[in-house]
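Summary of structural features
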Amino acid sequence: MAILPQRHPSRILNQIAPPTRIHTSTTAPPRPRRPHSSPLTLDPAATPRPPLPNDPTLRSNWSHRAWLASGCTTVLISLSKSVDAAAASHTYLEPILAALLGYVLADLASGVYHWGIDNYGGAETPVFGAQIDAFQGHHRWPWTITRRQFANNLHALARAVAFTVTPINLACGDATALAFVAACSGCIMFSQQSHAWAHTTRSKLPPLVAALQDGGVLVSRSQHAAHHRAPYNNNYCIVSGAWNEVLDASKFFEIMEMVIFFKFGVRPRSWTEPNTGWVEEAEAEATSLLS
Ligand SMILES: [Zn+2]
Ligand SMILES: [Zn+2]
């Protein structure tokens, strides 16, 4: 029986594919430049640029606000239908437990989704392309999430929630099921906000948010910081972070990556990157290069 060696998939693949240079966050990769370009000038054609401090791409527009309002309304309808059905049937324990389960599973869902868009597809991928592209940019310039306005940050997930939950609201009248849906979809929709708080300097966080991070209700800054350090393949969950230890200790994502590779021949980005697109640039460095 063939036994796979106990080592990282990238090392196995280096025997299959040409060797790929892997950089760490502490070793900055060489930035592509034109032969005679100034060392402080990025080649706009070759290198993606970080958003400027007041970049319009970080601002909310009316479309973002409308989608966020739609997502919130959808979740509130689930919640109010659940409360009405619970009051009518005098069953309260099951809906409360279902809501707690929804919160717990939303963290797992956030991790699986985040792993998927970090590792597979690209900007041209149907439906998910914009999110994939945004998360690639996030890995290079993580601080920009703290400058992204509220609706700008949440509208993509709010739109997904509005489309997914509306049919459930129309078809379902069960208090327990609706409580689960409301809590799970609400936490998924706001996961980008807990993600933004995980990148925010502690002194700038509202005291309640800092307390919730300390208590493990929201993903902590230290836990998510590990996601932005080499080897860039862990701590994907961004609601409470409760699943991170379980998923990372069990090598759940590494196993999934191996299954997908051997079944479909598709390699995740984490095996061959971070390249220049994943290594975090220091904020001062990136902004000075633009000035
Ligand atoms: Zn990521
Ligand atoms: Zn992040």
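Computed from a predicted model, the values in this text were never measured in an experiment.

Criteria and thresholds
- Residues numbered from 1 in each chain as written.
- Chains lettered and ligands numbered in written order.
- Predicted model: local features only at pLDDT ≥ 70, side-chain atom pairs only at ≥ 80, totals over all residues.
- Helix = DSSP H or I, 4+ residues; strand = E, 2+ residues; numbered from the N terminus.
- Buried ≥ 20, exposed ≤ 12 C-beta atoms within 10 Å, placed from the backbone.
- Contact = placed C-beta atoms within 7 Å.
- Axes fitted to C-alpha atoms, helices over the stretch in contact; angles between N-to-C directions.
- Parallel < 35°, antiparallel > 145°, perpendicular 65-115°, else oblique.
- Left-handed = near helix turned anticlockwise from the far one by under 90°.
- Nonpolar A, V, L, I, M, F, W, Y, C, P; charged D, E, K, R; others polar.
- pLDDT = per-residue confidence, 0-100.
- Core = buried A, V, L, I, M, F, W, Y, C linked by C-beta atoms within 7 Å.
- Expected span 1.5 Å × (residues − 1).
- Bend = angle between axes of the 7 residues up to and from the residue.

1. Digging into the overall build of the chain
Tallying secondary structure elements over the chain gives 13 helices and zero strands in all. Taking all 291 residues of the chain together, 31% fall into the buried category. Considering only contacts in the chain between residues 6 or more positions apart, those separated by 24 or more positions represent 72%.

2. Describing the packing of helix 5 (residues 150-171) against helix 6 (residues 175-189)
At a minimum axis separation of 9 Å, helix 5 and helix 6 run at an interaxial angle of 160°. Considering the angle they form, helix 5 stands roughly antiparallel to helix 6. By crossing handedness, the relation of helix 5 to helix 6 is classed as right-handed. Side by side, helix 5 and helix 6 meet where L154, L157, A158, V161, T164, V165 and I168 of the first sit next to V181, S185, I188 and M189 of the second. Each residue belonging to the contact of helix 5 with helix 6 can be placed in one class, and the counts come to nine nonpolar, two polar and no charged.

3. Some thoughts on the confidence of the model for the chain
The predicted model of the chain averages 83 in pLDDT, with 77% of residues at 70 or higher. This stretch, residues 1-46, has a pLDDT under 50; its non-local contacts, to residues over four places away or in other chains, come to 40 contacts. Ignoring residues within four places in sequence, the model shows residues 282-291, a span with pLDDT below 50, making nine contacts including any to other chains.

4. Considerations on the nonpolar core
Of all hydrophobic cores here, the largest spans 38 residues; its most connected members are A158, V161, A179 and M189. Residue assignment for this core shows that the elements contributing at least two residues are helix 2 (62-89), helix 3 (93-119), helix 5, helix 6 and helix 7 (191-198). Broken down by element, this core gets its largest block of residues, eleven residues, from helix 6. Excluding residues that lie within four positions of it along the chain, A158 makes contacts with W67, L68, S70, G71 and M189.

5. Details of the packing of helix 3 against helix 6
The contact between helix 3 and helix 6 brings their axes to 7 Å, and the two run at 35°. Remark: the crossing between helix 3 and helix 6 carries right-handed chirality. Each of E94, P95, A98, A99, L101, G102, Y103, L105, A106, A109 and S110 in helix 3 lies in contact with helix 6, whose residues at this interface are A175, T176, A179, F180, V181, A182, A183, C184, C187 and I188. The residue makeup of the contact of helix 3 with helix 6, split by class, is 17 nonpolar, three polar and one charged.

6. Overview of the environment of S222
As for its position among the elements, S222 is in helix 9 (residues 221-227). Separated by 24 residues in the primary sequence, S222 and A198 place their C-alpha atoms 7.9 Å from one another.

7. So, unusual backbone geometry
Leaving glycine aside, a negative phi is the common case for residues, and trans is the common case for peptide bonds. With omega at 10°, the peptide bond leading from A230 into P231 counts as cis. Structurally, P231 can be placed in the loop between helix 9 and helix 10 (244-249). Of note, the phi angle at V127 is positive, near 70°, even though the residue is not glycine. Mapping V127 onto the fold places it in the loop between helix 3 and helix 4 (129-140). Note on V127: 9 C-beta atoms within 10 Å, which makes it exposed. Positive phi outside glycine occurs at N235, with the angle close to 55°.

8. Thoughts on helix 5
In this model, helix 5 (22 residues) spans 31 Å end to end at C-alpha, consistent with the 32 Å of a helix rising 1.5 Å per residue. The largest bend along helix 5 measures about 40° and falls at A156. Within helix 5, burial applies to N152, N153, L154, H155, L157, A158, V161, A162 and V165. Where the residues of helix 5 are buried, they touch helix 2, helix 6 and helix 7.

9. Considerations on the environment of N61
Along the chain, N61 falls in the loop between helix 1 (9-14) and helix 2. Residues N61 and Q149, 88 residues apart in the sequence, show an inter-C-alpha distance of 9.4 Å.

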